[in-house]
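Each chain, letter by letter, is given below.
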Amino acid sequence: MCKLEWQGNGDIMQSWRLIDTGSCDGCYNMAVDEAIASAVRERKAATTLRFYTWHPACISIGYFQKPDETLKGSIVRRITGGRAVFHGSDLSYSVVSRTDNLLFPKNINGTYYTIANALIAGLGYLGINPDPQEKECVRKDSSTKYHRTPLCFNTALRHEITVYGRKLAGSAQRRWPDVFLQHGSILVNRTASENGQNSISLGELGIFSGDISLLIESLAHGFTKTLGIRLIREDLSDYESELAKRLAMENYPGL
């Protein structure tokens, strides 16, 4: 399911859902992303851009990652890969779309770059100018670090967003034959180095006021301008809400 609108110049504009679920616990946050993916797969929902925060603070780890003894606190396992992220002072996003959506390349790396460009454009409205996107497979100084660190933000791959060489936003993706889910986090404030010395937060840049609603608005604007889409604010459907509650209990127990 993909809502389409004709523009005045004859082009077709996609209409996506924009959902802000606010602050929820880690298990429910991960369950909601999976529920949205199910709804898009079943053609019960259009392509969806979601924003959310985390309360109480917790750690999410990648699907194949083993819990590390250095990770202290509540832990939830993501449906996507990657490494551990400390949540609580970040804004997370997710994009769920069918894989035949013409706005996205057919491969995982192309999809990463497309979404990264939209996020970078959104950050630009706040006066934040991330480093240029790497064109190599892995940043030159991170290929060995990635295998040693359990922390997502302690290393940056080619599609990820950095400022002054330090990682501001990390993302992970899960693909099925017909649908993909990409979600990630942007560090907003950092009072300690939970996410590693190679990370950086918006608060450290001395530009961002800390207004999450303004950050969401700016990022959403980046998607509309970069992809030429229309965003329609909606809530989760009854189907998604009920499925998320069930998945939170069945698929996302605390570790």
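Look up a bit, the structure's there.
Residues numbered from 1 in each chain as written. Predicted model: local features only at pLDDT ≥ 70, side-chain atom pairs only at ≥ 80, totals over all residues. Heavy atoms only, no water.

## Looking at the side chain of Asn195
Moving on, step 1. Note that Asn195 resides in the loop between β10 (179-187) and α4 (212-227).
Moving on, step 2. Within the local environment of Asn195, its side chain forms a polar contact with the backbone nitrogen of Phe86, the two atoms lying 3.0 Å apart. (Helix = DSSP H or I, 4+ residues; strand = E, 2+ residues; numbered from the N terminus. Polar contact = N/O pair within 3.5 Å; in protein donor to acceptor, adjacent residues only side chain to side chain.)

## Focus: the packing of aromatic side chains
Moving on, step 1. Under the counting rule described, the total for this entry stands at five aromatic pairs.
Moving on, step 2. Both rings, one in Tyr52 and one in Trp54, keep their centres 5.8 Å apart while their planes meet at 50°; by these two values the pair is tilted.
Moving on, step 3. By relative accessible area, Trp54 is classed as buried at 4%.
Moving on, step 4. Between Tyr63 and Phe64, the ring centres sit 5.0 Å apart and the planes meet at 90°, which makes this aromatic pair edge-to-face. (Phe/Tyr/Trp six-rings, centres within 6.5 Å; stacked < 30°, edge-to-face > 60°. Buried < 20%, exposed > 50% of the residue type's maximum accessible area, 1.4 Å probe, protein only.)

## Considerations on the environment of Lys44
Moving on, step 1. The topology assignment puts Lys44 in the loop between α1 (26-41) and β3 (48-54).
Moving on, step 2. C-alpha of Lys44 to C-alpha of Tyr239: the two residues are 195 residues apart in sequence and 8.5 Å apart in space.

## Some thoughts on the sheet that holds strand β4 (residues 58-61)
Moving on, step 1. Taken together, the three strands give an open sheet; going across it, the order is β5-β4-β6, and neighbouring strands pair in mixed fashion. Bordering the open sheet on either side are β5 (75-77) and β6 (85-87), each of which pairs with just one other strand. The average undirected angle you get between the axes of adjacent strands in this sheet is 30°.
Moving on, step 2. The sheet contact formed by β4 and β6 spans three bridges and is antiparallel. Bridge pairing in β6 places Ser60 opposite Val85. (Pairing = 2+ DSSP bridges. Axes fitted to C-alpha atoms, helices over the stretch in contact; angles between N-to-C directions.)

## A short note on the nonpolar core
Moving on, step 1. Residues Trp16, Phe51, Val95, Leu202, Leu215 and Phe223 are the most contacted members of the largest nonpolar core, which totals 33 residues.
Moving on, step 2. Taken together, the elements giving at least two residues each to this core come down to β2 (12-24), β3, β7 (90-98), α2 (108-124), β8 (161-163), β9 (166-175), β10 and α4.
Moving on, step 3. Core analysis: the next-biggest nonpolar cluster, separate from the first, contains 27 residues, Cys24, Ala31, Ile79 and Ala244 among them. (Core = buried A, V, L, I, M, F, W, Y, C linked by side-chain atoms within 4.5 Å.)

## Looking at α2
Moving on, step 1. Helix length check: α2 (17 residues) gives 24 Å between terminal C-alpha atoms against 24 Å at 1.5 Å per residue, within 8%.
Moving on, step 2. Where α2 is concerned, the buried positions are Gly110, Thr111, Tyr112, Tyr113, Thr114, Ile115, Ala116, Ala118, Leu119, Gly122 and Leu123.
Moving on, step 3. Packed against the buried residues of α2 are β7, β8, β9, β10 and α4.
Moving on, step 4. Among the residues of α2, the N-terminal cap falls to Asn107, whose side-chain oxygen and the backbone nitrogen of Asn109 are separated by 3.3 Å. (Expected span 1.5 Å × (residues − 1). Contact = heavy atoms within 4.5 Å.)

## Considering the pattern of salt bridges
Moving on, step 1. In total, this model carries seven salt bridges according to the counting rule given.
Moving on, step 2. Two residues, Asp33 and Arg50, come together in a salt bridge whose shortest N-O distance is 2.8 Å. Here Arg50 lies in strand β3 and Asp33 lies in helix α1, a separation of 17 residues in the sequence. In this structure, Asp33 and Arg50 share a single accessibility class: buried.
Moving on, step 3. Among the ionic pairs, Asp178 bridges to Arg41, the shortest N-O distance being 3.7 Å. Taken together, the positions of Asp178 in the loop between β9 and β10 and Arg41 in helix α1 put the pair 137 residues apart, joining distant regions of the chain. (Salt bridge = Lys/Arg side-chain N within 4 Å of Asp/Glu carboxyl O.)

## Focus: the side chain of Ser94
Moving on, step 1. Within the secondary structure layout, Ser94 lies in strand β7.
Moving on, step 2. You can call Ser94 buried: its relative accessible area is 0%.
Moving on, step 3. Of note is the side chain of Ser94, whose polar atom sits 2.8 Å from the side chain of Asp33.
Moving on, step 4. Excluding its chain neighbours within four sequence positions, the residues that come into contact with Ser94 are Asp33, Thr48, Leu49, Arg50, Tyr52, Leu181, Gln182 and His183.

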